[in-house]
Amino acid sequence: MSDSATIQKQSIETSNAIVDRAGVNPFRDALVDAGLLIPTGVQGLFGRSGQFERVVDGLDALITRLGADQNAEVLRFPPAMSRTEFERSEYLKGFPQLAGTVHSFCGGEHEQQRVLQCLERGEDWTEHQKPTYVVLTPAACYPVYPVIAQRGHLPEEGRIVDAFSYCFRHEPSLDPTRMQLFRMREYIRLGTAEQIQAFRSEWIERGTRMIDMLELPNSIDLANDPFFGRGGKIVARSQREQNLKFELLIPIESEDRLTACLSFNYHMDHFGLLWGIKTQDGGVAHTGCVGFGLERLTLGLFRHHGFDIEKWPQKVRDALWGNA
Ligand code: AMP
Ligand code: ZN
């Protein structure tokens, strides 16, 4: 084997080292044994059972009821967005390590032969893949901003959008609460600084009420996003100093570690400036969002109320499926 082939083989072996291995995370193994999560061979990439999905659907409906008075406009996108808009979002400045880009084979028959040869020899075939104009959605609110920006100035009362998407983050982990593809429901507020602040305080309260209804232990804490690199540490500190991100935390995967299940974000004029979103009087719009992690909430319910939904407290069942 040539030197470069050896290096390629090694790199494939290294990447195989991060494929899923059972028996290391007890909570994950219990979920898999119960059939709630179905392993695929890749860390953080699971199938879900019917019972798991019943809980996700119940949570989704509960969030809809909690936000019924918001006059939110429902917008749904596939779990991918325009690469051009993704580039504009500056996600690569903050979180290059988490991004997922879609690459495709764009060659002719000659290149295909090379791909097939690489596969046969166990060599890296992916260098023949080329980037497409599709990027995986990193958070449910990202595809929304360009769409709202295109409509011109916001009305005086601003806007609230209801979004729901599978999101991708490249953070393979044995911890089942840290997935690579998971669903996020969001309410996104666009308007003046005051409108966003009021929205966020209101949702910290509502989110807490929701989790209390589900009889899950919870607390609210100041948080920061995992900004990349040394410069990122400074950005994260500044995010904390300005109280821009709060999270609702629930102990799930282990008793002594809290997992963020809801997040309450104030972006100030960051997205307003990037996409040219304007308030009615022509000022730069501020934005904020509340995000609900549906898999994490579902896992929290299984952790605290057991794997048998029929045995969950009646109040919890009513909150999830009472109106069904
Ligand atoms: P964030 O944009 O990081 O604040 O994420 C919003 C919500 O998505 C979090 O509060 C979590 O509930 C959920 N979430 C974030 N990352 C993951 C992940 N890797 N796996 C599952 N859920 C996640
Ligand atoms: Zn968001």
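- Per an unreviewed UniProt entry, the protein is named Amino acid--[acyl-carrier-protein] ligase, and its organism is Paraburkholderia ginsengisoli.

Observations regarding the packing of aromatic side chains
Phase 1: This structure, assessed with the given rule, holds 15 aromatic pairs.
Phase 2: Considering the side-chain rings of Tyr 91 and Tyr 142, the 5.6 Å spacing of their centres and the 85° angle between planes classify their relative orientation as edge-to-face. On the criterion of sequence distance, the pair formed by Tyr 91 in helix 5 (residues 91-94) and Tyr 142 in the loop between strand 6 (129-136) and helix 7 (144-150) is long-range, its members being 51 residues apart.
Phase 3: When its relative accessible area of 8% is taken as the criterion, Tyr 142 is described as buried.
Phase 4: Each ring, one from Tyr 145 and one from Trp 275, has its centre 5.6 Å from the other, and the planes form 25°; the classification is stacked. Taken together, the residues Tyr 145 in helix 7 and Trp 275 in helix 10 (residues 270-275) connect sequence positions 130 residues apart.
Phase 5: On the basis of relative accessible area, Tyr 145 is assigned to the buried category, the value being 0%.
Phase 6: Classification of Trp 275 as buried rests on a relative accessible area of 9%.
Phase 7: The structure contains a cluster of three or more aromatic residues connected by ring pairs, namely Phe 86, Tyr 91, Phe 95, Tyr 142, Tyr 145, Phe 227, Phe 271 and Trp 275.
Phase 8: Note that Arg 83 overlies the ring of Tyr 133, its terminal NZ or CZ placed 4.2 Å from the centroid.
Phase 9: Here the basic side chain of Arg 303 rests over the ring of Phe 27, its NZ or CZ set 4.4 Å away from the ring centre.

Quick look at the sheet that holds strand 6
Phase 1: Spatially, three strands are ordered 4-6-5 in an open sheet, and the strand pairing comes out antiparallel. Bordering the open sheet on either side are strand 4 (80-82) and strand 5 (101-105), each of which pairs with just one other strand. In this sheet, adjacent strand axes meet at a mean angle of 55° when their direction is disregarded.
Phase 2: Alignment of strand 5 against strand 6, held across four bridges, turns out to be antiparallel. What sits directly across from His 103, in strand 6, is Pro 131.

What counts, and at which threshold
Residues numbered from 1 in each chain as written. Chains lettered and ligands numbered in written order. Predicted model: local features only at pLDDT ≥ 70, side-chain atom pairs only at ≥ 80, totals over all residues. Heavy atoms only, no water. Phe/Tyr/Trp six-rings, centres within 6.5 Å; stacked < 30°, edge-to-face > 60°. Helix = DSSP H or I, 4+ residues; strand = E, 2+ residues; numbered from the N terminus. Buried < 20%, exposed > 50% of the residue type's maximum accessible area, 1.4 Å probe, protein only. Lys NZ or Arg CZ within 6 Å of the ring centre and 35° of its normal. Pairing = 2+ DSSP bridges. Axes fitted to C-alpha atoms, helices over the stretch in contact; angles between N-to-C directions.

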